[in-house]
Amino acid sequence: MAVLKKRALAEYSQVVQEEACSKPLQLMKKPRLSSIQLEEELVAETLEKLETNDDLVAYLNHIQRKLPFHADDKIVLMRKLIETYHRSEQSHLRLKIIGILGDFRKIPKFDVQLIINEVIKLLSMETSHKVCASMISILSKLGNLLACDSPLLNKIINIGMQLLNNSSHLVKCHCLSLLGGLSNTTNLQGENVKHICKFTNSQDPRVRTAAYDALLRLHDRGQKLELCVYADVCTALQDDNENVRQSAMRIVWVLSHTYPESCVMIPGCQDEVHLVDDAFAKICQAIGDLSVNVRTLAAELLGSMVNVNPHFLEQTLDKKLMSDMRRKRSAHERHWETVTSGEWASGARWADDKPRENLDAESVSLIHSGACGAFVHGLEDEFMEVRSASLDSLCQLALSNPRFATLSLDFLVDMFNDEIEEVRLKAIDCMTKISHLIVLREDQLEIILGVLEDSNVEIREGLHRMLGACRLSTKACLKICVQTLLDNLKRYSQDKRSIWRCLQSLGSSHPNLTLLLVPELLTVHPFFDMPEADVEDPSYVCVLLLVFNAAQFCPQILSLFEEHIRRHYRYLRDTISNFVPRLQLAGVEEMETQVKFDTNTNYFLQNVMSRLNQPTSTNQIKVWDAACHDLIRLAQIDNNLAHGVELLATQLECHILIAKVMNSPAWIDSSSLNAQDGDVVKNLIDQLQRCSLRLQYMFSNLSTEEKLLIQSTRLQAMAIQLVYIVRASNTSALALSDHFVSRVEALKGYGNLPSFAGCIVKEITRLDDTKPGILSRILLPILQAHIYVAPFCLPAKAFKVNAEILEPTGESDNPQKFLAGFVLGVVLDAEIQCLAHPEYLRVRVKYPDLNAQLIIPQESHLKKIKQYAQSELNENIAVVPEHRLRTSVLVSHQVWTESSHIELSLVLDVTEPEVPSALKRWRGFSEDSFIIELCKPVRVLVSPKPIKRGI
Amino acid sequence: MTDIKVTPLGAGQDVGRSCILLQMGGKNIMLDCGMHMGYNDERRFPDFSYIADGNLTESLDCVIISHFHLDHCGALPFMTEMVGYSGPIYMTHPTKAIAPILLEDMRKVAVERKGETNFFTSAHIKDCMKKVIAVTLHQTVQVDSEIEIKAYYAGHVLGAAMFHVKVGNQSVVYTGDYNMTPDRHLGAAWIDKCRPNILISESTYATTIRDSKRCRERDFLKKVHDCVDRGGKVLIPVFALGRAQELCILLETYWDRMNLKAPIYFAVGLTEKANNYYKMFITWTNQKIRKTFVQRNMFDFKHIRPFDKSYADTPGPMVVFATPGMLHAGLSLQLFKKWAPNENNMLIMPGYCVSGTVGAKVLSGAKKVETENRQVIEVKMSVQYMSFSAHADAKGIMQLIQYCEPQNVLLVHGEGVKMEFLKQKIQQEYGIDCYMPANGESAYIPCKPVVPVDVSLSLLKKEMALYDTVGAPDPKRPCRMHGVLVMKDNVLRLMEPEKAFGELGLNRHAIRFTSCLQLRLPGSASRAMDQIQLILNSQNTNYPVKPSEEGVLNLESVSIKMESTDKEDRKSMMISWALQDEDLATWIMSSLRQVIV
């Protein structure tokens, strides 16, 4: 201590001297600071030179930013830091230093035990609570890095235990979280837990919260909490502090999952209930809590308590209504009664909600005891967070309890009318999820269908999905459903596809109901020939889709088809084949050929594969070329295999290009050739780059081996480019080679690499210097050895990204007019399947002057479509992940004399991952080499008008 | 002195003319100052002569107005300008903005239509409003050195507030009218756990538990939509402020969502002025409106336009909001006369109708209605009743009680019979006292006297640190504090002994007691000590036993020392303790005696 004091004193006197000095010294301060930041190597020594506290803080910040660094003298730096620690009187400096020491753990292979020992030593002398607390939190972070049987760990835990008696809440909180995070859960039982439990009685709410959180943490790490804490935790649910209430509620929830079956006494009477039921009731009560956060948490937790007694569950939707002491039925009940009694609303019904029987004043309980009405309150809450959490929970519980699902239906339907759109959407989604559990009644359906008039596309489409998945009870239901959908189509013609899809699944899930409606829908008359409907009429197509899809499960429908309907079937089967199922209609043999053909493709594919994997022949390129053609054609024919086959074809194309480049004499020697040859090679390499990028970014759902194979091919393409740049051009290849090496390094960790990648990795690791020249000298032989070595495999599960622009359709002849220089929003609606990298998706706008713009679509405009319905209907087909992009593309240009087309298309822009910042300014790449087109561009007619002046 | 006295001058077992006199801690506070809409004579205003004959300013410390409805603020100009009161008046900002509009409207009706004299004038209203001090939510306002008030959100109408009034150690929460379920434009009432002595709550719906709001809203919207779809006209008679705005928002958003084109009209009048205030006080509305107002203020109606008389005969569908709400006069009655004979049209009554009005007749199902000039109207239009009310129901009232945990509840603003039921329930389920005084009747609520003592912070910290170092917190372990209670200048203070002595200029003396016990214990003195330590440890968990070096045991200030005497198995044990540990020492002595002697 004495030494410390002396130092402090010495320091103090120095500062005084400086301040006494004249101005010039103060002016020096700035440049000195900047010079410090420059000299990174002198870390340890500079610490001692700094005199004022501000400098020290700045420098410490600088060190922290630099972490983790690769300096050799980390230990020295640590010693110096600790010395500085002893010198500094101000606690914020010590806090900073401790923070840096803690960050030392980020340095790879640094001795954690050393830091821990140092921090423990410092901790014993520290007086500031804040610094103490920060030390403890660092100890707990470092402790996580230790092995679980390390003696040091026990030491840390003991320190945590001791410091629990500290007077500061901050220290206590950190100690508790340390104990929660580090206490050994396997051998040391109970003792720690009991000690932590005691702190749930602390007078400071922050400590109480920390104690409960520590218990939760222990539970997460496998320590079973004891049942006896339940009673105490339940009283904590009434705590004054909302954080305590939240943490306590979590513990109640945990206990209800650990001991669902044990019994709890109900206070006031002799009955016993299961703990899970009691906990459920307690959490339900918290839905009426004062604080929004507690309410939200309660609503969230309810959802996972699926094993609660159904009786309790049903109570959550029950709220006894009364009016002037008389029992009143809720609107839902009333509605149900009118439906069952066969009466229909007939104008004035004033006082139809008039109260019925008198209630006994004694029997009415006003505080909701138990679970009563929890969800009714949750769904009516003021805050959207609570409402949407309640919806989620309701849905989850309904999924596990069909009776509850039926009960909750009315409430879900009510939520369709929420004031916030997100909640409405969520309600529809929830309904979709539970739709297989419920059967919709006509009156309910009527209310639901009312929402189809909503002007929001997403609500409508959500509802279409829901209708597609639900089950209807009667013919009349189906009829109004179809009717409203057709009205919807008339109103919003852009919903066509979504409605088609909806009717498709409606048809296939209700074949028998459809059968009853067929004559009416298709206007089939027993005696008269009715006029033939126009097959281009969208609403007629809708009806046909419903009928055709029903017909595949109900052959009787087929016999009702008239000749023109058969014709329409064939037409639709050809044009929108994915909406129209295969029917056994008049052409039974057509069906059979299809089956035979299926086996053929597999056989054919195997044939191609075996040809590919044969040993190299002299005209290998021709063999590959032929195979490539075959594969591309095959992908067009067979939908099931298309994605995988296309991947194979793309890979093949890459290797053909590789072979072509390598075989041309010009690619490594620029001197001997004429300019034309050089261009050919350059083009080939360019093509190769694009092709390999397509290979890498367009396919997803691959196994690791397949991914490595693709990586290897890409590496080969990059190697070729690198060698070409080094040998045949005079541009600098420094950045390019660095990039190449980093790519190879990334592959290092994998075992059994494909042969090319394996060779490269082996060579590069052996290399000290990665200058382009040396690199290309090594690469060349490896490349040449691998021209024809290309193992191919067929990734059967692969997905290829595929986009389709639904809107604009490109058919409109009316130009969209806007003032030149201002912006025009062109509505773009597109479906993208299997989008593995949504972050690279761009909308490309090409103007007639060949300028192209890449626009990053807003994140919220790109939505992942949830697919419940499809996965249920055909389980054998893997669900294709699908995205929907609905955005407005901003277009702007100067004045044109007449209207002209701009082209919109969806592309992947892979510049970011493929071009490191060092290469950004490199001119070797052509402008759009890192852009992968996903679909054909759509043309939109626009005309920027000059601004009219002087009106 | 410690009793709180509450006297309703209006709204005691009654609805209308809310005016409650609160006396506590020697202060007189008036909560609300409303008028009764049912009377036209002097009964419509509260009886101010009850308070003091003559000078109100002297006998009242402040007036607090909860919201702008006339039955809560209608008598204010009368009181301030005609009776004479110049003390402070508190209300929230929206209330201060909107109340004069309503007061002026009422004055016009009373003076210009009914021809009343001796009524307050426009100038009176203006002067009265100048005396008002506006408060913000959760802002603590110091009225004088003792009274402190704080406003909480009450939901009921824009700017409605509950007030927490504190005098010394006593506090009262007055709710005014409030709503515990959020609606389309306002949030739910909220209060923190302030644990007042009394909660004065309204109890309009004391015996009702309401159904979920969504059903009603959906029904309403569906009916309007259906009617508009078949080309009919919808008439919605409303009162100018409050529910009208909610319905407007409801229809406006629905029109937006469903992309409907039929026009909605709102009969202009004072509403337009009021709408401006609704636009301004966005912070007082619900989550949705607050969050979206940056893009678009929900009260900037897109589909709702002002009504012109000529529109009444325009063909085609339309929705019209018209005043007054009970169809007894004015535009709503005119429109009703015009549209009633067509069965395509629809009438929606969103609120309660006083019997005798056309509205009440129509609602009860009359097919032919006679108006004032003997004209008979045939009612073919469909008539719907939709209740949109913004008072808390029985469950809501109970919930509020649960929120703020009062020691007593006092019910006002409701019917006596209904209150009786709620009173029973409150007593039964919360076990707290509940009062329901009638008008002019005083309720005395006894409160336990509380003597506040200032504890010096350093003492508190020191003692707390001691408590902390002992071990884990244990609610059963008593925590004693050593300090000196000083009474000076009518203030009690608990101080550290040293400081107190310093202030008094005295020397501190400590008293220690010593006693000697003869024990029969075999073995050496140190072994005997260990034995005693074991015994103490086993019996006593609260105080840790600390052995010191010289063979002395310490418990708090008690120290125990052992000495061997001449005889082999006889030991004399010396115990010494300070005065504050008298109990502990006695306990040790007795327990040691039991075990050893």
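This structure is a prediction, so every number in the text was calculated from the model and none was measured.

We now examine the domain arrangement of chain B. By the assigned domains, chain B splits into domain 1 (4–209 + 390–445), domain 2 (213–385), domain 3 (454–504) and domain 4 (512–596). The centre of domain 1 of chain B, based on its C-alpha atoms, is set 66 Å off from the matching centre of domain 4 of chain B.

Let us look at the nonpolar core. Judged by nonpolar contacts, the single largest core of 179 residues is most densely connected at Phe-104, Leu-472 and Phe-561 of chain A. Per-element accounting of this core gives the leading share, 11 residues, to helix H28 (residues 538–551) of chain A. In this structure, Ala-97, Val-132, Ala-274 and Met-298 of chain B belong to the second largest nonpolar core, which totals 108 residues.

Linking two cysteines covalently via their sulfur atoms produces the bond known as a disulfide. A full pass over the atoms with the stated rule returns zero disulfides over all chains. Not engaged in a disulfide, the cysteine Cys-395 of chain A finds its nearest cysteine sulfur in Cys-430 of chain A; these two sulfurs lie 4.1 Å apart. Cys-73 of chain B takes part in no disulfide bond, and the closest cysteine sulfur, belonging to Cys-33 of chain B, lies 8.7 Å away.

With that settled, consider the sheet that holds strand S24 (residues 484–488) of chain B. Residue and element names in this part refer to chain B. An order of S23-S25-S24 is seen for the three strands of this open sheet, with the pairing classed as mixed. Of all strands in the sheet, those bounded by a partner on one side alone are strand S23 (453–455) and S24. Recorded for the sheet is a direction-independent mean angle of 30 degrees between the axes of neighbouring strands. Alignment of S23 against strand S25 (residues 491–495), held across three bridges, turns out to be parallel. The residue of S25 that forms the bridge with Val-455 is Leu-494. Running over the sheet, helix H15 (residues 497–504) touches S24 and S25 and is turned about 125 degrees from S25.

We now examine the pattern of salt bridges. Residues and elements named next belong to chain A. Taken as a whole and assessed by the stated rule, the structure comprises 53 salt bridges over all chains. The salt bridge partner of Glu-520 is Lys-479, with a shortest N-O separation of 2.8 Å. Taken together, the positions of Glu-520 in helix H27 (residues 511–522) and Lys-479 in helix H25 (residues 475–491) put the pair 41 residues apart, joining distant regions of the chain. For Glu-520, a relative accessible area of 41% gives the class partly exposed.

Low-confidence regions, as indicated by low pLDDT, have predicted coordinates that should not be scrutinised in detail. All names here are of chain A. Residues with a pLDDT of 70 or more make up 82% of chain A, whose mean pLDDT is 79. Taken together, the stretch residues 8–42 has pLDDT below 50 and engages in 22 contacts with residues farther than four places along the chain or on a different chain. In the model, residues 341–354 has pLDDT below 50 throughout and makes 13 contacts with residues more than four positions away in sequence or in other chains.

Once that is clear, we can look at the environment of Cys-263 of chain A. All names here are of chain A. As for its position among the elements, Cys-263 is in strand S1 (residues 263–265). Taking the C-alpha atoms as reference points, Cys-263 and Asn-663, separated by 400 residues in sequence, lie 81 Å from one another. In this structure Cys-263 touches Glu-272, Val-273 and His-274, once residues within four positions along its chain are discounted.

Reading the values: rules and limits
- Residues numbered from 1 in each chain as written.
- Chains lettered and ligands numbered in written order.
- Predicted model: local features only at pLDDT ≥ 70, side-chain atom pairs only at ≥ 80, totals over all residues.
- Heavy atoms only, no water.
- Domains from an automatic or database assignment.
- Core = buried A, V, L, I, M, F, W, Y, C linked by side-chain atoms within 4.5 Å.
- Buried < 20%, exposed > 50% of the residue type's maximum accessible area, 1.4 Å probe, protein only.
- Helix = DSSP H or I, 4+ residues; strand = E, 2+ residues; numbered from the N terminus.
- Disulfide = S-S within 2.5 Å.
- Pairing = 2+ DSSP bridges.
- Axes fitted to C-alpha atoms, helices over the stretch in contact; angles between N-to-C directions.
- Contact = heavy atoms within 4.5 Å.
- Salt bridge = Lys/Arg side-chain N within 4 Å of Asp/Glu carboxyl O.
- pLDDT = per-residue confidence, 0-100.

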